[in-house]
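Okay, here's what each chain looks like letter by letter:
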Amino acid sequence: MRLSEQEIINAICLHMAERKQIQPIQVEVEMMWDEDYGFSAEVYAEGRKQIIIAATILEAIELYMLTHQNVRVFRDQIHLQLNEEIVADIV
């Protein structure tokens with residue numbers, strides 16, 4: 001199974017909204033990749049900017065898959081890839 005970049009962003013929005021007890025529409029996410037640091041995302045919520053690391057992105061995908069797809073996946077099954085966009089392959 002493969003999640004598109006938009007699906008990953010949706011997962012992060014839902015995850016961060018739940019953590020901050022706000023609506024997902026109040027969260028903006030920009031995915032990033034850096035040769036030295038790998039995958040991360042810039043999250044804007046409640047007028048603040050926060051950088052989240054790959055581990056938090058994977059956590060958001062795990063929860064998204066469980067709550068919205070009814071599929072239990074573990075972190076070691078999720079592989080972030082950089083193609084033309086950032087995708088998540090779930091094996």
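In this numbering scheme, every chain counts its residues from 1 along its sequence in written order. At least 70 in pLDDT is required for a residue's local features to be given in this predicted model, at least 80 for side-chain atom pairs to be given and counted, and no such filter applies to totals for whole chains, interfaces and linings, which use all residues. Just so you know, side-chain values use all the structure's heavy atoms and leave hydrogens and water out.

Draft legend 1. Here's a closer look at the nonpolar core. Side-chain atoms within 4.5 Å are what join buried Ala, Val, Leu, Ile, Met, Phe, Trp, Tyr and Cys residues into a set we call a nonpolar core. Only protein chains enter the area calculation, which uses a 1.4 Å probe; residues under 20% of their type maximum are buried, those over 50% are exposed, and those in between are partly exposed. In this structure, Ile-8, Ile-12, Val-27, Val-29, Met-31, Ile-57 and Ile-61 are the most contacted members of the largest nonpolar core, which totals 29 residues. Strands are runs of DSSP state E lasting at least two residues, helices are runs of H or I lasting at least four, and both sets are numbered from the N terminus onward. Elements supplying a minimum of two residues to this core: α1 (5-20), β2 (27-34), β3 (38-45), α2 (54-68), β5 (78-82) and β6 (86-90). Here the element with the most residues in this core is α1; it accounts for seven residues. The residues contacting Ile-12, other than those within four sequence positions of it, are Val-29, Met-31, Ala-41, Val-43, Ile-52, Ile-57 and Ala-60. The contact definition used throughout considers only heavy atoms, calling two residues in contact when any of these lie within 4.5 Å.

Draft legend 2. Inspection of the side chain of Thr-56 at higher detail. Looking at where Thr-56 falls in the secondary structure, it is placed in helix α2. Discounting chain neighbours no more than four positions away, the residues touching Thr-56 are His-15 and Arg-19.

Draft legend 3. Seen up close, the pairing of β3. Most of β3 is tucked away: seven of the eight residues are buried. Sheet topology note: the β2/β3 ladder contains eight bridges and is antiparallel. By the bridge assignment for β3, Glu-30 is matched with Glu-42. At least two DSSP bridges between two strands are needed for those strands to be called paired. Between β2 and β3, which pair antiparallel in sequence order, lie three residues.

Draft legend 4. Here's a closer look at the sheet that holds β3. The antiparallel open sheet is built from three strands, whose spatial order is β2-β3-β4. Looking along the sheet, the strands with just one partner apiece sit at the ends: β2 and β4 (48-53). Sheet twist, expressed as the mean angle between neighbouring strand axes with direction ignored, is 25 degrees. Examined bridge by bridge, β3 and β4 share six bridges and lie antiparallel to one another. Looking at β4, one finds that Glu-42 is bridged to Ile-51. Each of β2, β3 and β4 is contacted by α1, which is oriented at about 125 degrees to β2, the strand it contacts most. Angles here are taken between N-to-C directions and fall from 0 to 180 degrees, while the axes themselves are lines fitted to C-alpha atoms, restricted in helices to the stretch in contact.

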